[in-house]
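Residue-level listing of the chains:
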Amino acid sequence: MMADSRLLGPPYRVFDFYVPITNFPLSKPSSSDPWEDFSNVFRREHQPLPQGWADVFGPLRKGTVDDCLIVGQLGLSLDGRVATESGHSKYINGPAGLVHLHRLRSLVDVVVVGVGTAIADDPQLTVRRVSGPQPARVVIDPKGRLCADARMFADNGVRRLLITEERTRCTAPAGVEVITLPKIDGQFAPSAILAALAGCGMRRMLIEGGADTISRFLVAGCLDRLHVMVAPIILGNGGPGIVLPSLDRADQAPRMPVRVHKIDDDVLFDCDLSAQRVALGIAKKST
Ligand SMILES: NC(=O)c1ccc[n+]([C@@H]2O[C@H](COP(=O)([O-])OP(=O)(O)OC[C@H]3O[C@@H](n4cnc5c(N)ncnc54)[C@H](OP(=O)(O)O)[C@@H]3O)[C@@H](O)[C@H]2O)c1
């Protein structure tokens with residue numbers, strides 16, 4: 001028997017397919033990797049983005065609340081984990097998902113991680129899988145736990161910053177700028193972290209993990225967007241994804257506008273959190 005489409009309602013929405021970089025439309029190629037041209041166009045706010053790409057990266061061009069745009073990212077397994085029980089997370093996402101992360105890095109002024117990630121993964125936080133500008137790198141390390149030889153502190157010509165508490169003894173190498181903040185209710189207010197970075201000239205910021213750090217920014221209303229890249233793997237027990245205060249009922253959970261993109265085998269949920277984003281007290285430029 002044929003199903004009656006009137007009873008079934010409209011069909012499922014087809015994913016917006018992430019356009020492969022090889023299809024990137026360019027009138028005059030000026031570099032070998034077209035991503036470099038894209039990252040230049042992206043920064044010229046009044047120049048339209050090429051079709052197909054505006055949907056993915058357009059929301060990251062400008063904040064709607066103030067002059068800052070804050071995007072968080074997490075790579076998640078199907079069972080909602082960001083790492084195995086031993087803390088291993090390289091790599092949950094497939095190669096295309098990792099390229100997306102490097103594209104994000106190349107579009108922001110600064111990449112921020114918590115010290116848990118800096119110690120567990122020793123990430124470089126550089127742009128390597130595409131051509132594009134290198135962002136500044138920041139670690140939130142209140143107790144000064146990160147060693148001086150951490151790869152994110154390596155000098156490659158960009159600013160490196162350490163956010164810590166007053167009177168903490170840090171072993172950051174020469175050239176790393178140290179910002180001290182007071183703790184309020186046992187932590188640095190995420191808005192104070194962002195305001196301090198904005199004071200250093202940063203406007204577009206990527207909070208790259210881990211889950212603890214992202215959760216703190218989320219609870220504090222300090223993200224405009226959250227990119228959750230879900231990979232078709234099941235990790236079993238391990239590091240949880242976002243951890244927030246519990247709710248009694250599922251229907252109390254905030255539901256947000258989302259754009260969904262399929263990136264090879266991974267699925268990107270680009271969540272719009274601008275409705276709950278707090279203002280940072282940074283003046284918004286008139287356009
Ligand atoms: N799948 C992914 O996308 C992804 C991404 C990144 C990391 N990871 C994995 O996640 C694990 C590490 O993440 P994690 O959640 O345990 O740690 P994390 O978020 O990297 O770091 C958390 C720590 O950073 C400090 N911190 C962050 N925000 C702070 C604030 N507002 N105020 C004060 N201190 C703050 C605290 O340090 P103190 O404890 O010193 O106070 C906190 O315990 C690793 O296994 C890594 O492999 C996965």
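K.L.:
Can you walk me through the nonpolar core in this structure?
P.N.:
Generally speaking, nonpolar side chains in soluble globular proteins are found buried as a group. Within the largest apolar cluster, 60 residues are counted, with the highest numbers of intra-cluster contacts made by Ile70, Val110, Val112, Val138, Val139, Met205 and Leu223. With 5 residues, strand S2 (residues 69–76) is the single largest residue contributor to this core. In contact with valine 139, not counting residues within four places along its chain, are Val113, Val115, Ala118, Leu146, Met152 and Leu162.

K.L.:
Looking at this structure, I do not really get the site of the ligand. What am I missing?
P.N.:
Residues in contact with the ligand amount to 28 residues; listed here are only the nearest, Gly114, Gly116, Gly209, Gly210 and Asp212. Elements that contribute at least two residues to the shell around the ligand include exactly S2, strand S3 (81–84), strand S4 (110–114), helix H5 (115–121) and helix H7 (211–219). Here the shell around the ligand takes 5 residues from H5, the largest share from any one element. Considering only residue class, the shell around the ligand consists of 12 nonpolar, 11 polar and 5 charged.

K.L.:
Looking at this model, I keep getting lost on the environment of aspartate 266. Mind explaining?
P.N.:
Relative to the assigned elements, aspartate 266 resides in strand S12 (residues 266–272). The exposure class assigned to aspartate 266 is buried, which follows from the 23 C-beta atoms found within 10 Å. Each residue touching aspartate 266, except ones within four places of it in the same chain, is listed here: Asn93, Gly94, Ala96, Gly97, Met229, Val230 and Ala231.

K.L.:
Is there a simple way to explain the pairing of S4 in this structure?
P.N.:
Within a regular strand, side chains alternate between the sheet's two faces. With 5 of 5 residues buried, S4 lies mostly within the body of the structure. Of the two faces of S4, the one holding Val110, Val112 and Gly114 and the one holding Val111 and Val113 are both buried throughout. Between the parallel pair S4 and strand S5 (residues 136–140), the chain is carried across by H5, and the sense of this crossover is right-handed. The pairing of S4 with strand S8 (residues 204–209) spans 4 bridges and is parallel. If you follow valine 112 over to S8, its bridge partner there is isoleucine 207.

K.L.:
I keep staring at the environment of leucine 197 and nothing clicks. Help me out?
P.N.:
Turning to its location among the elements, leucine 197 is positioned in helix H6 (residues 190–199). Residues leucine 197 and leucine 161 lie 36 residues apart in sequence; the distance between their C-alpha atoms is 9.2 Å. Not counting residues up to four positions away in its chain, the partners in contact with leucine 197 are Val110, Val138, Met202 and Met205.

K.L.:
What's the story with unusual backbone geometry in this structure? I'm lost.
P.N.:
Excluding glycine, residues mostly have negative phi values, and the peptide bonds linking residues are mostly trans. Note the cis peptide between lysine 90 and tyrosine 91, where omega equals -5°. Going from glycine 209 to glycine 210, the amide bond is cis rather than trans, its omega being -5°. Relative to the helices and strands, glycine 210 is located in the loop between S8 and H7. Positive phi values are uncommon outside glycine, yet aspartate 185 reaches one of about 55°. Looking at where aspartate 185 falls in the secondary structure, it is placed in the loop between strand S7 (176–181) and H6. Non-glycine residue aspartate 264 carries a positive phi angle of around 50°. Looking at the element boundaries, aspartate 264 is found in the loop between strand S11 (258–263) and S12. Classification of aspartate 264 as partly exposed rests on a count of 15 C-beta atoms within 10 Å.

What counts, and where the lines are drawn
Here the residue numbering is sequential within each chain, running from 1 through the sequence in written order. Only residues with pLDDT of at least 70 get local features here, since the model is predicted, and only at 80 or more are side-chain atom pairs given and counted; chain-wide, interface and lining totals rely on the full set of residues. In these notes, a nonpolar core means any group of buried Ala, Val, Leu, Ile, Met, Phe, Trp, Tyr and Cys residues linked to one another through C-beta atoms within 7 Å. With C-beta atoms placed from the backbone, a residue is labelled by how many other C-beta atoms lie within 10 Å of its own: buried for 20 or more, exposed for 12 or fewer, partly exposed between the two. Starting at the N terminus, helices and strands are each numbered in turn, a helix being any DSSP run of H or I of at least four residues and a strand any DSSP run of E of at least two. C-beta atoms are first placed from the backbone for all residues, and any pair lying within 7 Å is then listed as a contact. In this text, near has one meaning. A residue is near a molecule or strand if its C-beta atom, placed using the backbone, is within 6 Å of it. Residue polarity is assigned by list, with Asp, Glu, Lys and Arg as charged and Ala, Val, Leu, Ile, Met, Phe, Trp, Tyr, Cys and Pro as nonpolar; anything else, Gly included, falls into the polar class. When the strands point away from the viewer, a crossover counts as right-handed if the route from the first strand across the helix to the second turns clockwise. By this definition, two strands are paired if DSSP reports at least two bridges between them.

Limitation: the analysis is restricted to geometry and does not speak to function.
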